[in-house]
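Architecture and fold: a report
In case you want the letters, here they are:
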Amino acid sequence: MTSEIIIQCSEAIAAKGWNIAFAESASAGKLSAEFSLTPLSGKILRGGIVCYEVFVKEQIMLVPHELIEQYTPESAQVTSALAQRTAVIFNSDITVALTGLTTPGGSETEEKPVGTIFLSIITPTGIIDHKEVFFGSPKQIVKQAADKAASLILEKIKSN
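The rules behind these values
Residues numbered from 1 in each chain as written. Predicted model: local features only at pLDDT ≥ 70, side-chain atom pairs only at ≥ 80, totals over all residues. Heavy atoms only, no water. Helix = DSSP H or I, 4+ residues; strand = E, 2+ residues; numbered from the N terminus. Buried < 20%, exposed > 50% of the residue type's maximum accessible area, 1.4 Å probe, protein only. Polar contact = N/O pair within 3.5 Å; in protein donor to acceptor, adjacent residues only side chain to side chain. Contact = heavy atoms within 4.5 Å. Axes fitted to C-alpha atoms, helices over the stretch in contact; angles between N-to-C directions. Left-handed = near helix turned anticlockwise from the far one by under 90°. Nonpolar A, V, L, I, M, F, W, Y, C, P; charged D, E, K, R; others polar. Salt bridge = Lys/Arg side-chain N within 4 Å of Asp/Glu carboxyl O.

**Regarding the side chain of serine 27**
The residue serine 27 is located in the loop between strand 1 (20–24) and helix 2 (30–36) in this model. Taking the relative accessible area as the measure of exposure, serine 27 reaches 5% and is therefore buried. A distance of 2.6 Å separates a polar atom in the side chain of serine 27 from a polar atom in the side chain of glutamate 24.

**Examining the environment of glycine 48**
By the secondary structure assignment, glycine 48 is in strand 2 (residues 45–50). The partly exposed category is assigned to glycine 48, whose relative accessible area is 41%. Sequence-wise, glycine 48 and valine 96 are 48 residues apart; in three dimensions their C-alpha atoms are separated by 9.1 Å. The contact partners of glycine 48, leaving out residues within four places of it in the chain, are Phe22, Ser32 and Phe90.

**Observations regarding the packing of helix 1 (residues 4–16) against helix 7 (residues 138–158)**
Direction vectors running N to C along helix 1 and helix 7 enclose 35°, while the axes themselves pass 9 Å from each other. When you trace helix 1 past helix 7, the crossing you get is left-handed. Seen from helix 1, the contacting residues are Ile5, Ile6, Gln8, Cys9, Ala12, Ile13 and Lys16; seen from helix 7, they are Ala146, Asp147, Ala150, Ser151, Ile153, Leu154 and Ile157. Along the lines of polarity and charge, the residues of the contact of helix 1 with helix 7 split into ten nonpolar, two polar and two charged.

**A few points about the pattern of salt bridges**
Under the counting rule described, the total for this entry stands at three salt bridges. The partner of glutamate 34 in a salt bridge is lysine 30, and the shortest N-O contact between them spans 2.9 Å. With glutamate 34 and lysine 30 both in helix 2 and four residues apart, the pair spans about one turn of that helix. In this structure lysine 30 comes out as partly exposed when scored by relative accessible area, which is 30%. Glutamate 132 is paired through a salt bridge with lysine 148; the nearest N and O atoms lie 3.6 Å apart. Of this pair, glutamate 132 sits in strand 5 (residues 126–133) while lysine 148 sits in helix 7, and the two are 16 residues apart along the sequence. Taking relative accessible area as the criterion, glutamate 132 reaches 23% and is therefore assigned partly exposed. Among the residues examined, lysine 148 registers a relative accessible area of 23% and is labelled partly exposed.

In short, the description is geometric, and any link to function would need to be established separately.
Below is the structure:
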């Protein structure tokens, strides 16, 4: 079931006459799916791309290999690059990129444990870069991250 915050976010985007697009790594399409289930999805949802594997980030999303080597595929810098490229591909008003670690075996460190999610959100009124550590199963981490993205967008819309 789609959360209330995602429905409210969808309504706020529609009220502005804007649209939204996604670049998703750790969430593998969950954000796009959640926004597609809102009553106003046809008015706001432009599309999305799942860029889970490094190959897709580099070859399709054109994230420089050096950026990934320097910062890891799950980083603020790579997430920002994904958001910028997605905004161009989809010509979207709001663009959300998400990377992170939902399971062990990636680039986790003491400073970046499993549960760390990076969001880069481009809006007509500015960019939101956010890092947060969520707890729970991979499914719970992704759900919390989706709700966080929606709440950040909603806050940005209401503050302008």
